[in-house]
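Architecture at a glance
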Amino acid sequence: MVKFSRNHTVKARAAVESLNRAKASHKTYNTPEVNAALFEMFHGKCYICENKECISYQIEHLRPHKENVKLKYDWDNLFLSCTHCNNIKKAKYDPILDCSKIDVDLKIAFRKKGYFGMDEEYEFSALEDGAEVKNTIELLNEIYHGNTAQKKLEAVHIRRKLRRSLSDFENLVREYEEAEEIDKEDFKYAIRKETSAGAAFAAFKRWLLRDNRERYEDLLRFCGL
């Protein structure tokens, strides 16, 4: 989870207007305008697991609405989620960190430990106290490991995507280190793109650099991290 900007784009304004109409007529918040705006805002990825290759998307309420009309149609309460994450979160985790307002990866460290021939672990470490941080970590653990037989299979699929994405990113950083000075700039821009909010599994990639801050201080600074 990383921070996303809820900008007042053309699509966002159209989404708000459609929500107002839906609220007035007691119709669904699941409008084409809302879907288009959320897909734009979250760069086509689930806001929780950060997978960009989701099979199915859903509109997720950060704060469970429980038929509270205001929360149900509130644009600021709507997020783009994959089915796996939405079905795990439901109303069970409340409150969690709001990634449209908070840099979640500065409140929680995201790490994948282990490699070929060793057991892999996905670790989410609190950097601050509080119920929102605690609940978010509990949610992330269930997301990446699953809480039922079916969800465990889905979690394997997400971890496979994560593993490949991190491997590609690590190779990119190695190429940057080995590049001639004249070529390093191109790799720096590629690394910045891979750690941006729109990149898959950006929180994990950012922490790969942060855990080696002395070595990658220039990259962290260039990427605004």
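Structure report, in brief.

The rules behind each value
- Residues numbered from 1 in each chain as written.
- Predicted model: local features only at pLDDT ≥ 70, side-chain atom pairs only at ≥ 80, totals over all residues.
- Heavy atoms only, no water.
- Phe/Tyr/Trp six-rings, centres within 6.5 Å; stacked < 30°, edge-to-face > 60°.
- Helix = DSSP H or I, 4+ residues; strand = E, 2+ residues; numbered from the N terminus.
- Buried < 20%, exposed > 50% of the residue type's maximum accessible area, 1.4 Å probe, protein only.
- Axes fitted to C-alpha atoms, helices over the stretch in contact; angles between N-to-C directions.
- Left-handed = near helix turned anticlockwise from the far one by under 90°.
- Contact = heavy atoms within 4.5 Å.
- Nonpolar A, V, L, I, M, F, W, Y, C, P; charged D, E, K, R; others polar.
- Core = buried A, V, L, I, M, F, W, Y, C linked by side-chain atoms within 4.5 Å.
- Patch = residues over 30% accessible without salt bridge, like charges linked within 9 Å, V, L, I, M, F, W, Y side chains within 5 Å.
- Areas by Shrake-Rupley, 256 points an atom, 1.4 Å probe, with all protein chains shown as cover.
- Salt bridge = Lys/Arg side-chain N within 4 Å of Asp/Glu carboxyl O.
- Lys, Arg positive; Asp, Glu negative; His and termini not counted.
- Charge placed at Lys NZ, Arg CZ, Asp CG, Glu CD.
- Expected span 1.5 Å × (residues − 1).
- Parallel < 35°, antiparallel > 145°, perpendicular 65-115°, else oblique.

**Things to note about the packing of aromatic side chains**
Taken as a whole and judged by the stated rule, the model has twelve aromatic pairs. Relative to Phe204, the ring of Phe124 has its centre 6.0 Å away and its plane inclined at 75°; by these criteria the two rings are edge-to-face. With a gap of 80 residues between them, Phe124 in strand E4 (residues 121-126) and Phe204 in helix H8 (residues 202-210) connect regions that are remote in the sequence. Take Phe124 and Phe204: they sit in the same class, and that class is buried.

**Some words on the packing of helix H1 (residues 10-24) against helix H2 (residues 32-41)**
Remark: H1 packs on H2, axes separated minimally by 8 Å, with the N-to-C direction vectors making an angle of 145°. Crossing of H1 over H2 shows left-handed handedness. On the side of H1, the interface is formed by Lys11, Ala12, Ala14, Ala15, Ser18, Leu19 and Arg21, while H2 contributes Glu33, Val34, Ala36, Ala37 and Glu40. By residue class, the composition of the contact of H1 with H2 is seven nonpolar, one polar and four charged.

**Some thoughts on the nonpolar core**
Ranked by internal contacts, the top residues of the largest apolar core, which has 55 residues, are Tyr47, Phe110 and Tyr144. Discounting residues that sit within four places of it in the chain, Phe110 has contacts with Met1, Val104, Asp105, Glu123, Phe124, Leu140, Ala203, Phe204 and Trp207. Phe169, Val173, Ile191 and Leu219 belong to the second largest nonpolar core, which has ten residues in total.

**Some remarks on a negative patch on the surface**
Together, Glu180, Glu181, Asp183, Glu185 and Asp186 make up a negatively charged patch on the protein surface. Here Glu185 is to be found in helix H7 (residues 181-194). A relative accessible area of 37% means that Glu185 is categorised as partly exposed.

**Some points on helix H6 (residues 149-178)**
Because an α-helix packs 3.6 residues into every turn, residues spaced three or four apart end up facing the same way. In this model H6 runs 44 Å from its N-terminal to its C-terminal C-alpha over 30 residues, within 8% of the 44 Å that 1.5 Å per residue would give. For H6, every residue scored as buried is listed here: Lys151, Ala155, Ile158, Arg159, Leu162, Ser165, Leu166, Phe169, Leu172, Val173 and Tyr176.

**Examining the packing of H6 against H8**
Between H6 and H8, whose axes approach to 10 Å, the crossing angle comes to 40°. Considering their axes alone, H6 and H8 lie oblique with respect to each other. Considering only the axes of H6 and H8, their crossing is right-handed. Across the interface between the two elements, Leu162, Ser165, Leu166, Phe169, Glu170 and Val173 of H6 pack against Phe204, Lys205, Leu208 and Leu209 of H8. Each residue belonging to the contact of H6 with H8 can be placed in one class, and the counts come to seven nonpolar, one polar and two charged.

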